[in-house]
Amino acid sequence: TRPWRGLIDGYRAWLPVTDATPVISLHEGNTPLVPAAHLSALTGCDVWLKVEGANPTGSFKDRGMTVAVSKAVEAGARTVVCASTGNTSASAAAYAARAGIGAAVLVPRGHIALGKLAQAVRYGAEIVEVTGSFDDCLRIARELAEHHPVALVNSVNDHRLAGQQTVAFEVVDALGDAPDIHCLPVGNAGNITAAWRGYDAYATAGLATGRPRLWGFQAAGAAPLVHGEVVAEPETVATAIRIGNPASWRGAIDARDSSGGLIGAVTDEQILDAYRLVARHEGVFVEPASAAGIAGLLAEHRAGRLDAGQRVVVTVTGNGLKDPDASMRGGYESTTSSARTADVAQALRLTS
Ligand code: F0G
């Protein structure tokens, strides 16, 4: 079989590209779908993790960005702009660097994880730290794109959603059919919108016998879709989904209702418990926001709303290395030793 060369190469017929479209790719996609033995045992279901942190910039954003930046370059753009809680900015900056064009990223000052900022710096983005929320950043980015020659690459750009549908294609291709339930975190709501679109397209084409129920989870302090109203001052430890007015609001509600799914809220404590659990028991290190789908699955199980025996895929959206502060918060256990083997053995309590 041919080596993997990225999503536009792998799923060309499903994407809005032509032979005239330059392919800007970091060979994103084709991420691991790994069985989750511990979560399966806890829930009585057949649980799988779609590990999106394995993408080139460490999050699912690369799926949409390869398409959005390729189309922007095709249209002659010299600069892309986005608002971001961090991952979109890292991805936009990387693909812009690859294309040889500029990237301007607007991020909420003080509310973006260290690793994401480090990425934007190194990829050479122009960074504006806005003293406001993500929602402020998105409003400004939209206004900039309206009045200046810069291409907006937030998920309000349909090319982003087109690329992000590929996660559903990969899941069906790997499992042989759609799962019963697909869980994922929800922030600006582009990803749940795109995942539904992907499953629907595959089923319509006869490549899956059905469609999963989509179970989206927001952080309790940033859950506008759950409450049915904008949250003016969203707060959560999961900075990636600290969003009060999601751009793809209607898409998320449609994904929920058309799939017979749900959108629920999980507390920061539930998110952090799931964050620790998935690393400790599945060997998968994700960032806090990425654990919201797992936290939600476990909460639904405890509430008796998860029937046993179902096949469940959970998207874990971003790599744990993105947010080192989250891992180190509350300190960690270690011992110090001299550089003598006997002392290290003693530190490890290896007595015989
Ligand atoms: N998980 C992670 C790690 C994210 O970075 C995001 C969104 C989401 C989940 C939610 O996805 O917005 O499509 O509902 N991050 C955006 C950003 C907002 O700017 O990086 P969504």
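Reading the values: rules and limits
- Think of each chain on its own: its residues are numbered from 1, step by step along the sequence as written.
- Reporting in this predicted model follows two pLDDT cut-offs: at least 70 for local features of residues, and 80 or more for side-chain atom pairs to be given and counted; totals over whole chains, interfaces and linings ignore these cut-offs and use all residues.
- As a rule here, side-chain values cover all heavy atoms of the structure and leave hydrogens and water aside.
- Any two of the Phe, Tyr and Trp rings considered here, Trp counted by its six-membered ring, make a pair once their centres fall within 6.5 Å; the pair's planes then place it as stacked at under 30 degrees, edge-to-face at over 60, or tilted in between.
- Note: pLDDT gives the predictor's confidence per residue, expressed from 0 to 100.
- Numbering of helices and strands runs from the N terminus; a helix is a DSSP stretch of H or I covering at least four residues, while a strand is a stretch of E covering at least two.
- Every helix has an expected span of 1.5 Å times one less than the residues it contains.
- Burial classification: accessible surface area is computed with a 1.4 Å probe over protein chains only, and a residue below 20% of its type maximum counts as buried, one above 50% as exposed, and the rest as partly exposed.
- Put simply, buried Ala, Val, Leu, Ile, Met, Phe, Trp, Tyr and Cys residues joined by side-chain atoms within 4.5 Å make one nonpolar core.
- Using a 1 Å grid laid over the protein atoms alone, points where a 1.4 Å probe fits but cannot get out form a cavity; open sets with protein on both sides within 12 Å along at least 5 of 7 lines form a pocket; any residue with an atom within 4 Å of a point counts as lining.
- Grid points are joined across faces, edges and corners, and a volume is the space filled by probe spheres set on the points.
- In the scheme used here, Gly and all other residues not listed as nonpolar or charged are polar, with Ala, Val, Leu, Ile, Met, Phe, Trp, Tyr, Cys and Pro taken as nonpolar and Asp, Glu, Lys and Arg as charged.
- By the convention used here, strands pair only if DSSP detects at least 2 bridges between them.
- Where helices are involved, their axes are fitted lines through C-alpha atoms of the stretch in contact, as for all axes, and angles between N-to-C directions lie from 0 to 180°.
- UniProt positions are given in the numbering used here, feature names are shortened, and annotations may be inferred rather than shown by experiment.
- Here a residue is considered near a molecule or strand provided that any single heavy atom belonging to it is located within 4 Å of it.
- Pairs of N or O atoms within 3.5 Å make up the polar contacts considered here, provided that, within protein, one atom can donate a hydrogen while the other can accept it, and that residues adjacent in sequence are counted only when both atoms are side-chain atoms.
- What sets the accessible areas is the Shrake-Rupley method with a 1.4 Å probe; for residues, cover comes only from the shown protein chains.
- A pocket or cavity is taken to hold a molecule when more than half of that molecule's atoms are within 2 Å of the pocket's grid points.
- Should an angle fall under 35 degrees it is taken as roughly parallel, and over 145 as roughly antiparallel, whereas 65 to 115 is taken as roughly perpendicular and any remaining angle as oblique.
- Crossings are sorted by hand: turned counterclockwise from the far helix by less than a right angle, the near helix makes the crossing left-handed, and turned clockwise it makes it right-handed.
- The contact rule is simple, with two residues in contact once any of their heavy atoms fall within 4.5 Å.

**Quick notes on the packing of aromatic side chains**
Part 1 of the reasoning: This model, assessed by the stated rule, comprises six aromatic pairs.
Part 2 of the reasoning: Residues Trp4 and Tyr11 carry aromatic rings whose centres are separated by 6.3 Å and whose planes lie at 65 degrees to one another, so their mutual orientation is edge-to-face.
Part 3 of the reasoning: The rings of Trp4, Tyr11, Trp14, Phe169 and Tyr202 are connected pair by pair, giving a single aromatic cluster.

**Points about the confidence of the model for the protein**
Part 1 of the reasoning: When pLDDT is averaged along the protein, the result is 98, and 100% of the positions lie at 70 or above.
Part 2 of the reasoning: Interface confidence for the predicted complex, given as ipTM, is 0.99, next to a pTM of 0.97.

**Let's talk about unusual backbone geometry**
Part 1 of the reasoning: Unlike most non-glycine residues, Asn30 shows phi in positive territory, near 55 degrees.
Part 2 of the reasoning: Along the chain, Asn30 turns up in the loop between helix H1 (7-10) and strand E1 (33-35).
Part 3 of the reasoning: A positive phi angle is found at Ala189, which is not glycine, with a value near 80 degrees.
Part 4 of the reasoning: Its place among the elements puts Ala189 in the loop between strand E7 (181-185) and helix H9 (190-204).

**Some words on helix H3 (residues 61-74)**
Part 1 of the reasoning: With 14 residues, H3 should cover 20 Å at 1.5 Å per step; its first-to-last C-alpha distance of 20 Å lies within 8% of that length.
Part 2 of the reasoning: Looking only at H3, the buried set comprises Lys61, Asp62, Arg63, Gly64, Met65, Thr66, Val67, Ala68, Val69, Ser70, Lys71 and Ala72.
Part 3 of the reasoning: Phi for Gly76, located one or two positions after H3, is positive at around 95 degrees.

**Details of the nonpolar core**
Part 1 of the reasoning: Membership of the largest hydrophobic core comes to 37 residues, with the highest contact counts inside it found for Leu49, Ile294 and Val312.
Part 2 of the reasoning: Sorting elements by how many residues they give to this core places helix H12 (residues 268-282) first, with six residues.

**Observations concerning the layout of surface pockets**
Part 1 of the reasoning: When its volume is computed, the largest pocket comes out at roughly 220 Å³.
Part 2 of the reasoning: Taken together, Leu272, Tyr275, Arg276, Ala326, Ser327, Arg329, Gly331 and Tyr332 make up the full set of residues lining the largest pocket.
Part 3 of the reasoning: The element that contributes the greatest number of residues to the lining of the largest pocket is H12, accounting for three residues.
Part 4 of the reasoning: In this structure, the second largest pocket occupies an estimated 190 Å³ of space.
Part 5 of the reasoning: In terms of lining, the second largest pocket is formed by Gly110, His111, Ile112, Ala113, Leu114, Leu117, Glu129, Val237, Thr239, Asp323, Asp325 and Arg329.
Part 6 of the reasoning: The residue inventory of the lining of the second largest pocket, partitioned by class, reads five nonpolar, three polar and four charged.

**Re empty space enclosed by the protein**
Part 1 of the reasoning: Throughout the structure, instances matching the rule amount to one cavity of 30 Å³ or more.
Part 2 of the reasoning: The computed volume of the largest cavity comes to approximately 310 Å³.
Part 3 of the reasoning: For the lining of the largest cavity, the elements supplying multiple residues, two or more each, are helix H4 (87-99), helix H7 (158-164) and H9.
Part 4 of the reasoning: The biggest single contributor to the lining of the largest cavity is H9, with three residues.
Part 5 of the reasoning: For the lining of the largest cavity, the residue count by class is 11 nonpolar, 13 polar and three charged.

**Observations regarding the sheet that holds strand E8 (residues 213-219)**
Part 1 of the reasoning: The six strands are arranged E1-E2-E10-E7-E8-E9 in an open sheet whose pairing can be described as mixed. Both edges of this open sheet fall to E1 and strand E9 (262-266), since each of them pairs with a single strand only. When strand polarity is set aside, the average angle formed by the axes of neighbouring strands in this sheet is 25 degrees.
Part 2 of the reasoning: With three bridges connecting them, E7 and strand E10 (residues 311-316) associate as parallel partners. Residue Ile181 lies in a different strand from E10, and its bridge partner there is Val312.

**Considerations on the UniProt feature "domain: Tryptophan synthase beta chain-like PALP" (unreviewed entry) in the protein**
Part 1 of the reasoning: UniProt's entry tags residues 24-318 with the feature "domain: Tryptophan synthase beta chain-like PALP" (unreviewed entry), counted in the numbering of this structure.
Part 2 of the reasoning: Span residues 24-318 is 44% helix and 17% strand, its end C-alpha atoms 21 Å apart.

**Some thoughts on the site of the ligand**
Part 1 of the reasoning: Taken together, 20 residues form the shell around the ligand, and within it Ser84, Asn188, Ala189, Asn191 and Thr317 come nearest.
Part 2 of the reasoning: Between the ligand and the protein, one listed contact pairs an oxygen atom with a side-chain N or O atom of Ser84 at 2.7 Å.
Part 3 of the reasoning: Between the ligand and Thr85, the relevant distance is 2.8 Å, taken from an oxygen atom to a main-chain nitrogen or oxygen of the residue.
Part 4 of the reasoning: Relative to its free-state accessible area of 470 Å², the ligand is covered by the protein chains to the extent of 99%.
Part 5 of the reasoning: Put simply, the ligand lies in the largest cavity.
Part 6 of the reasoning: Elements represented by at least two residues in the shell around the ligand include exactly H4 and H9.

**Focus: the sheet that holds strand E6 (residues 151-152)**
Part 1 of the reasoning: The sheet built from four strands is open, its strands ordered E5-E4-E3-E6 with parallel pairing. The open sheet has two edge strands with one neighbour each: strand E5 (126-130) and E6.
Part 2 of the reasoning: Relative to E5, strand E4 (residues 102-108) is paired through five bridges, and the arrangement is parallel. When the sheet's bridge partners are listed, Pro108 is paired in E5 with Val130.

**A closer look at the packing of H3 against H4**
Part 1 of the reasoning: One way to put it is that H3 packs onto H4 with a least axis distance of 9 Å and a crossing angle of 40 degrees. What the angle tells us is that H3 and H4 run oblique. Considering the relative orientation of H3 and H4, their crossing is right-handed. Contact with H3, carried on its side by Lys61, Asp62, Met65, Thr66, Val69 and Val73, involves Asn87, Thr88, Ser91, Ala92, Tyr95, Ala96 and Ala99 of H4 and no other residues of that element.
Part 2 of the reasoning: Looking at the contact of H3 with H4 residue by residue, the class counts come to seven nonpolar, four polar and two charged.

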